[in-house]
Amino acid sequence: MRHRSVADLMTPTAVSVQPGTPFKEIARLLDEYGITAVPVVDADDRPVGVVSEADLLRRHTAKDGPSTAEAMMSSPVFVARPSWTAVEAARLMERHRVKRLPVVDADGRLIGVLSRSDLLQLFLRRDRAIQEEILEDVVTRILGLSPASLHIDVAEGRVTLSGTLPRKGVGPIFVRLCEDVDGVVEVVDRLTYEDEDRGEGAGEDEGAGADEARSADDGGDAARARDDRGPQGFDAA
């Protein structure tokens, strides 16, 4: 099961500014490229901050100090690596309350930007693609189960699992693996289990067997009592 990485989701960046880039030039770039923020990079193309629309509006309202990228940017800058999963990037965004992450290569140089809107692509996966990944990767490859006994229904990212699994212990694992598939919004568990059916049957058989055993023991005790009392029912001398 392959999760889409930051490299799969990020927007390769062609837009960045230098620390000395002025207010109006930054505003023009945001408008021209239809973006809400731009990374600020140093002479080696390494991110040192981010200037957003909110930063521009804040400086325009305050009207004090220099209006350069360096003066307006948010810093320190939190960055992502292209090999990260979308979950890792989303957690970093949530932890630091940021809406976008510059993505850097092994040398720390800017190669892209990942925004919240990029992460939303995960939930735009076709239901058919989600269903195929669950059947091929989760059911067949990871769990080694036969798809014939299971039914996977996917509608708007909501996965409903039904059918029969061999053991009850497999169920929670199956559900968690499905929840980890990119694009899954919710998993509904309607699974049944073969060992539950066998367990109920075994209990009934065991009860019947115990009754039979007790009857046999009672019969044996009666026979021994007759032998001890002799042929006429009197105690043997």
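Just above, that's the structure.
Residues numbered from 1 in each chain as written. Predicted model: local features only at pLDDT ≥ 70, side-chain atom pairs only at ≥ 80, totals over all residues. Heavy atoms only, no water.

A. A look at the nonpolar core. Of all hydrophobic cores here, the largest spans 21 residues; its most connected members are Ile 134, Val 159, Leu 161, Leu 165 and Phe 174. Elements with a minimum of two residues in this core: α7 (127-142), β6 (150-155), β7 (158-165), α8 (170-179) and β8 (186-193). Leu 161 has contacts with His 151, Ile 152, Phe 174, Val 175, Cys 178, Val 187, Val 188, Asp 189, Arg 190 and Leu 191, leaving out every residue within four places of it along the chain. Among the nonpolar cores identified, the runner-up in size contains 13 residues, and Ala 86, Ala 89, Leu 101 and Leu 114 belong to it. (Core = buried A, V, L, I, M, F, W, Y, C linked by side-chain atoms within 4.5 Å. Buried < 20%, exposed > 50% of the residue type's maximum accessible area, 1.4 Å probe, protein only. Helix = DSSP H or I, 4+ residues; strand = E, 2+ residues; numbered from the N terminus. Contact = heavy atoms within 4.5 Å.)

B. View of the pattern of salt bridges. Under the definition given, this model contains ten salt bridges. A salt bridge links Arg 28 to Glu 32; its shortest N-O distance comes to 2.4 Å. Pair noted here: Arg 28 and Glu 32 are both in helix α2 (residues 23-33), with a separation of four residues, about one helical turn. By relative accessible area, which is 41% here, Arg 28 ends up partly exposed. With a closest N to O distance of 3.5 Å, Asp 44 and Arg 46 form a salt bridge. Assessed through its relative accessible area of 42%, Asp 44 is described here as partly exposed. Each of Glu 25, Arg 28 and Glu 32 takes part in salt bridges that share partners, so that together they form one network. (Salt bridge = Lys/Arg side-chain N within 4 Å of Asp/Glu carboxyl O.)

C. Looking closely at helix α5 (residues 86-96). Those residues of α5 not exposed but buried are Ala 86, Ala 89, Leu 92 and Met 93. Looking down the long axis of α5, one finds its buried residues gathered within 130° of arc, a one-sided arrangement. Those residues of α5 that are exposed and aimed more than 90 degrees away from the buried face are Arg 91 and Arg 95. Buried residues along α5 sit in contact with α1 (6-9), β4 (100-104), β5 (110-115) and α6 (116-119). Arg 97 lies just past α5 and shows a positive phi near 55°. (Arc of directions from axis to C-beta.)

D. Examining the packing of α7 against α8 more closely. α8 packs onto α7 with a crossing angle of 145° between their chain directions and a minimal axis gap of 11 Å. In this structure, α7 crosses over α8, and the sense of that crossing is right-handed. Contacts between α7 and α8 involve Ile 134, Val 138, Val 139 and Ile 142 from the first element and Phe 174, Leu 177 and Cys 178 from the second. Among the residues forming the contact of α7 with α8, the class breakdown is seven nonpolar, no polar and no charged. (Axes fitted to C-alpha atoms, helices over the stretch in contact; angles between N-to-C directions. Left-handed = near helix turned anticlockwise from the far one by under 90°. Nonpolar A, V, L, I, M, F, W, Y, C, P; charged D, E, K, R; others polar.)

E. The arrangement of the side chain of Ser 5 in detail. Relative to the assigned elements, Ser 5 resides in the segment before α1. Using a relative accessible area of 12% as the deciding quantity, one classes Ser 5 as buried. With sequence-adjacent residues up to four places away left out, Ser 5 is seen in contact with Pro 82, Ser 83, Trp 84 and Thr 85.

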